[in-house]
Amino acid sequence: MIIILLGAPGAGKGTQSEILQGKLQMVHVSSGDLLRDNRKRCTELGKIAEGYMVKGALVPDDLVIQMIVERMDAPDTEHGILLDGFPRTPPQAAALDEALNAKGKRVNRALYIKVEDETLLDRLSGRWTCRNCGHVYHEKFAPPRTPGVCDVCGGELYQRDDDKRETAIIRLRVYFDQTMPIIDYYRNRDILCEVNGEQPIETVTADLLECLR
Ligand code: AP5
């Protein structure tokens, strides 16, 4: 199974992927997490990506496509992949199809988590992420038991540099200009399932699982 999670920044793709990967025994592949890991390790890719990410712009297609295609070749992806944050442009969607076709595979379902703009900005500005395990919290909607400390691993929580309001507004604009067209790409193939992402986290999970029935 190849499942794609679509939605604006802050829609809940990472939150839901983390829950679904446990329930479905699939591997969560997040383009944003892979890029942040490259930045942390100061790789060539990480150094190039940083300039785009801090401004809220997309990293060039060729770099992201190569990174994801390599990740999809790892042995742990054999039983299925939950793709979060990729594809994000029409050329990325075409490259994904091409890479999957070459292996006799295809995208089975595209799950679209829909959330209104004002909610998205609230979610991004209140988000805290664990530096160690990547678990995501929200200061109002999903707070940790102890402020600043991860419930899962005890790691330190931090706020992403691209979650500042000015950068978040740019990311939303980039999403509407460059990523929205691929919603129709999957809708036209009849594999898109839309879910109301304004509901509580567990209700969104239930609706996503219903899409996969
Ligand atoms: P990326 O890391 O992919 O960020 P994003 O798509 O902008 O998505 P987010 O991680 O911001 O949001 P999310 O939907 O995962 O929400 P979350 O679950 O955390 O990309 C970052 C950057 O990397 C890009 O700007 C770009 O530069 C680059 N990049 C990445 N992929 C690329 C690609 N393919 N091509 C080119 N460049 C690329 O939830 C948000 C908050 O809301 C959390 O605090 C959470 O606790 C809370 N929350 C979640 N669900 C609910 C709910 N139902 N109710 C209440 N609160 C909720």
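In what follows, the accompanying structure is described. Counting restarts for each chain: residues are numbered from 1 in the order of the written sequence. Since the coordinates come from a predicted model, pLDDT governs what is reported: local features require at least 70, and pairs of side-chain atoms require 80 or more to be given and counted, while whole-chain, interface and lining totals use all residues. The basis for every side-chain value is the complete set of non-hydrogen atoms in the structure, without hydrogens or water.

### Some details on the state of the cysteines
In a disulfide, the sulfur atoms of two cysteines are covalently bonded to one another.
(1) Moving on: In this description, the term disulfide denotes a pair of cysteine sulfurs within 2.5 Å. All told, the structure shown has one disulfide when counted by the stated rule.
(2) Moving on: The disulfide partner of Cys193 is Cys211, and the S-S distance across this bridge is 2.1 Å. Across the S-S bond linking Cys193 and Cys211, the dihedral sits near -65°, which makes this disulfide left-handed. A residue pair is termed long-range when its members are at least 10 positions apart, and Cys193 in strand β8 (residues 192-196) and Cys211 in helix α9 (residues 201-212) qualify at 18 residues. With respect to burial, Cys193 and Cys211 carry one shared label: buried.
(3) Moving on: Considering cysteine sulfurs only, Cys130 is the nearest to Cys42, which forms no disulfide, with 20 Å between them.
(4) Moving on: This cysteine, Cys153, is not joined by any disulfide, and Cys130 carries the nearest cysteine sulfur, 3.5 Å off.
(5) Moving on: Only protein chains enter the calculation, and the probe is 1.4 Å; a residue is then buried if its accessible area is under 20% of its type maximum, exposed if over 50%, and partly exposed in between. Take Cys153: its relative accessible area is 34%, and that puts it in the partly exposed class. Think of it this way: any DSSP run of H or I at least four residues long counts as a helix, any run of E at least two long counts as a strand, and we number them from the N terminus.

### Considerations on the layout of surface pockets
(1) Moving on: Detection works on a 1 Å grid of protein atoms alone, calling trapped sets that fit a 1.4 Å probe cavities and calling open sets with protein on both sides within 12 Å along at least five of seven lines pockets, with lining residues defined by an atom within 4 Å of a point. Grid points are joined across faces, edges and corners, and a volume is the space filled by probe spheres set on the points. When its volume is computed, the second largest pocket comes out at roughly 440 Å³.
(2) Moving on: At the level of secondary structure, the elements contributing two or more residues to the lining of the second largest pocket comprise α2 (31-40) and β5 (127-130).

### Some words on α9
(1) Moving on: Expected helix span is computed as 1.5 Å times (number of residues minus one). Between the first and last C-alpha of α9 there are 17 Å, a value that for twelve residues agrees with the 16 Å anticipated at 1.5 Å per step.
(2) Moving on: By the burial criterion, the buried members of α9 are Val204, Thr205, Leu208, Cys211 and Leu212. Down the axis of α9, the buried side of the element spans an arc of 115°, and every buried residue falls inside it.
(3) Moving on: Contact definition: two residues touch when any of their heavy atoms are within 4.5 Å. Where the residues of α9 are buried, they touch β1 (2-6), α1 (13-24), β4 (109-114) and β8. By arc we mean the arc of the directions from the helix axis to the C-beta atoms, nothing more.

### Describing the environment of Gly80
(1) Moving on: By secondary structure assignment, the location of Gly80 is in the loop between α4 (61-72) and β3 (81-84).
(2) Moving on: When sequence neighbours within four positions are dropped, the list of residues in contact with Gly80 reads Met1, Met26 and Val27.

### Some points on the sheet that holds strand β7 (residues 157-158)
(1) Moving on: Strand pairing follows a simple DSSP-based rule, namely that at least 2 bridges must link the two strands. With antiparallel pairing, three strands are arranged side by side in an open sheet as β6-β5-β7. Unpaired on one side and paired on the other, β6 (136-138) and β7 mark the two borders of the sheet.
(2) Moving on: When β5 meets β7, the two strands line up antiparallel, connected through two bridges. What sits directly across from Cys130, in β7, is Leu157.

### Quick word on the pairing of β1
On a regular strand, each side chain points to the face opposite its neighbour's, so the side chains alternate between the two faces of the sheet.
(1) Moving on: With five of five residues buried, β1 lies mostly within the body of the structure.
(2) Moving on: Of the two faces of β1, the one lined by Ile2, Ile4 and Leu6 and the one lined by Ile3 and Leu5 are each fully buried.

### Section: the sheet that holds β4
(1) Moving on: In space, the five strands of this open sheet follow the order β2-β3-β1-β4-β8, with parallel pairing throughout. Looking at which strands have only one partner, the edges of the open sheet turn out to be β2 (27-30) and β8. Averaged over all adjacent pairs, the angle separating strand axes in this sheet is 20°, with direction ignored.
(2) Moving on: In this analysis, axes come from line fits to C-alpha atoms, helices being fitted only over the stretch in contact, and the angle between any two N-to-C directions falls in the range 0 to 180 degrees. Strands in contact with α9 are β1, β4 and β8; relative to β4, the strand with the most contacts, it is inclined by about 155°.

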